[in-house]
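# Summary of structural features
One letter stands for each residue in the lines below.
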Amino acid sequence: HPHGSIPSISLNQIGYRPHDDKIALFAGMGGSFYVEDSKGMKVCRGETLKARNDAGISGQTVYYADFSALMKPGTYRIVHVEAGASEAFVIEEKPYKEVHKGLLKAFYYFRCGIELQEEFAAPWTHHACHLAPAIVYGQEDRRIDVCGGWHDAGDYGKYAGPGAKAVADLLLAFELYPNAFVDAVPLPETDGRIPDVLHECRYELDFLLNMQDEETGGVFHKVTTLQFPSLDCMPEHDLADLYLSPISAAATGCFAGVMAMAARVYQPYDAAYAEVCLRAAERAYAWLERNPDVPGFKNPPEIATGEYGDKLDHDERYWASAELYRTTGDQRYHQALKAWAAGNTFELYELGWADMGGYGTIAYLLTEKDRVDLKLYDKLQCGLVEDARRLAIISEQDGYGISLAPEQYIWGSNMLVMNNAMLMLIAHHFYKDSALEKCALDHVHYLLGRNALSMSYVTGYGTNPIRNPHHRPSVGDGVADPVPGQVAGGPNRHLQDDYAKVTLTGQPPAKCFVDHMDSYATNEVTIYWNSPAVFVFSHFAS
Ligand code: G3I
Ligand code: 9MR
Ligand code: ZN
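Residues numbered from 1 in each chain as written. Chains lettered and ligands numbered in written order. Predicted model: local features only at pLDDT ≥ 70, side-chain atom pairs only at ≥ 80, totals over all residues. Heavy atoms only, no water.

## Here we look at the domain arrangement of the protein chain
Considered domain by domain, the protein chain is made up of domain 1 (9-91) and domain 2 (97-452 + 523-541). Taking only C-alpha atoms, the centre of domain 1 and the centre of domain 2 are 36 Å apart. At the junction of the two partners, domain 1 supplies 20 residues and domain 2 supplies 21 residues. Taking both sides of the interface into account, the surface hidden between domain 1 and domain 2 amounts to around 1500 Å²; carbon and sulfur atoms contribute 53%. Taken together, domain 1 and domain 2 are joined by one salt bridge. For Asp21, the salt bridge goes to Lys438, with nearest N and O atoms at 3.4 Å. (Domains from an automatic or database assignment. Contact = heavy atoms within 4.5 Å. Buried area = accessible area lost by both parts, 1.4 Å probe. Salt bridge = Lys/Arg side-chain N within 4 Å of Asp/Glu carboxyl O.)

In C-alpha cells, the structure reads:
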C-alpha cells in the first residue's frame, strides 16, 4: 500500500494518550482501516462506524475510524485500505508535553525590546527592537518609555487589551495547573525558584505598567507606528516613530483586572512586586470610577495599525472589580461586581480581547466560598456549566467534533476553538464532568490536525504544520522554518485579505484557510491565540 500523507485522513498529528478515545476521520469516504506499528505489523483493524454530514461547515461527509482499543505506547500509522496511510503518530503517556512547552516558549519569541540570543532563540535570533520612547498622540512633545513586552502578532504593535487577555490566560493556567509548569522552558531569567511562566508574564506586566499614565492612572490603548512596516521587516529595522494612542476605558479596565490578578499570583514569590501590581490596579480602578461614561476607542485618523475597538467597557469594569475583590476582600469591589453582574449589559462567559466578562466570572468563582454572595455564585456557576454543556452539544453534531457554528469561522477562529475548550475545562474544574473534558480534548485534536484541512495550526508541531504564517520575523529572518509554537488564526469565511479572496472564494467555512504569508486574515499568529492554547494544553499536560 502507498505510504505518505493524504489529505483525507485527519487525526491529531502528535498522537494520543493510552486511555483516551482515538478517532481518526476520513473525509468523503468510509470503509475498512487498520493500524500498523513502526515495524509494519497490523495491530488493530476496523470499519468506519458512523458518518456525519458536515456539509455546512466543511462541505463533506466525515467517517469515524475508532481505534480507541489500541492502548499500547508506540509509534503507529493508520491505513485506509483504499486511500493510503497517515503519517506516523504516537501513543504515549505525555504526548502533549513538548507542544505545551513550545506554545509557552512562543511568548519569548514575541518579546520586544530585548535581543533574542542564540542560547535561547537559535536559529530565530534578532537584535533588540523598538527601543525609542513613544510619542503621546496629541501631545507631540511628550514621550514615554514603553520598551519591552510582547509584540502582538505578525505585526509589531503592542496593544493593552490583547496583552491583558494573554497574561490572564497564562496566569489562570498556572493557578489551575501548576504541575504543568514545573519544567524550565528555559528562559534567560530561569532561576529554579520562580516558575518560568511567571517570568514570561512579568515581561509583559512590566510593559503594561509603563502603559499606565503616571498623571491620571488611565492606560494607553496601544503603542504602534503610524503604519505597518513591510512584511519582511525585522523588528530591529522597524524604526518609524512610535505613538501612544489615547487612553481608553477598555484598556484601563482590563489592566486593573490583570494587575489585581498578578498581585495575587506573584505574592508568594515577590511581595514587593505584588504590591506594585496592586497599587497600579487600584489607580486604574480609580480612573474608571472618575470616568464612568466614556466613548469606545477609535483609531486616531493618522494611525492605521490594529484598532482593537471596543464599544462596551462594562465587561472590563466587571472583571476589574471581581479581580480586585478576589485579591483584596474589600467589599467596595464586591458591591461593584454585583451591580455589574445584575445589569445584564454584557456576556458573562466571554474570553475575548473585546468581550472579557468571562474573566470576571472566573475570578468570582475562584474566590473563597465564605466570601461570596451564594446566590450570585450559584447563578454564575450554573450559567458557566450550561454554556459549557451547550458547547459540548454543538460539538457532538459537528463533523470534526468542535463547538463552532458555521458563522463562527471568523478571523481568529482558532481563538474561539481554544477559548471554548478553556471554558469547558473551567466548568469541568467545578463540576468534574468528564464529557466536558473529553470535548475539550477533541478541540486539541482539531488544533493539531484533526480538521478539514488535515493541518496542524501550530508552527513546528505535528507532521503537517502550517509553514508560512503572516509573521514578520518568520518572513524576514532568512531561516527556512517559521518561529515555532505559534497558533495561526485559522479558517475565516469572510475572506478579509486579498490572497484569501483570490484562493478561497467558494470554499466552505472550515476550509477558508490558506497557509500563505500574505493571508493575514487566516494565517497570522498572535499572543492571544497562543494563550488560551497554553491554558488548554496545561490541563492535558499536567
Ligand atoms: O464577530 C463578528 C460577527 O458577528 C460578524 O458576523 C462577522 C462579519 O464580519 O465578523 C465578526 O467580527 C470579526 C471580528 O474580528 C471578531 O472578533 C470581524 O469581521 C473581523 O474583521 C475582526 O478581525 C479582527 C482583526 O484584527 C481586524 O480588526 C480580529 O479579531 C483581530 O484578532 C485582528 O487583530 C489583528 C490586529 O488588528 C493587528 N495585529 C494583528 C492581529 C491579528 O490579525
Ligand atoms: O501585516 C498586517 C497584519 O499584522 C494585520 O493583522 C492586518 C490587519 O490589520 O494588516 C496587515 O497589514 C496589511 C495591511 O492591512 C494592508 N496592506 C498589506 C499589509 C500586509 O502586508
Ligand atoms: Zn519590538
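Structure shown, so let's carry the discussion forward.
## Considering the pairing of strand β4 (residues 32-37)
With five of six residues buried, β4 lies mostly within the body of the structure. Across five bridges, the pairing between β4 and strand β5 (residues 42-47) is antiparallel. Paired with Ser32 across the two strands is Glu47, which belongs to β5. Connecting β4 to the antiparallel partner β5 that follows it, the hairpin turn spans four residues, and Gly40 within it adopts a positive phi of roughly 85°. Bridging between β4 and strand β8 (residues 74-80) involves five bridges; their strand directions are antiparallel. Within β8, the position partnered with Val35 by the bridge is Ile78. (Buried < 20%, exposed > 50% of the residue type's maximum accessible area, 1.4 Å probe, protein only. Helix = DSSP H or I, 4+ residues; strand = E, 2+ residues; numbered from the N terminus. Pairing = 2+ DSSP bridges.)

## Side note on the coordination of the zinc ion (ligand 3)
Listed as protein donors to the zinc ion (ligand 3) are Cys112 (SG), Cys129 (SG), His130 (ND1) and His151 (NE2); their distances from the metal cover 2.0 to 2.3 Å. Taken together, the four donor atoms coordinating the zinc ion (ligand 3) and their angles of 101 to 115° define a geometry best described as tetrahedral. One chain supplies every donor for the zinc ion (ligand 3), spaced along it as C-x16-C-H-x20-H. With Cys112 in the loop between α1 (97-109) and α2 (118-121) and His130 in the loop between α2 and β11 (134-136), this pair connects stretches of sequence that are 18 residues apart. Its relative accessible area of 7% is what places His130 among the buried residues. (Donors = N, O, S within 2.8 Å, 3.2 Å for Na, K, Ca; no water. Tetrahedral: all angles 85-135°; square planar, octahedral: opposite > 155°, others 65-115°.)

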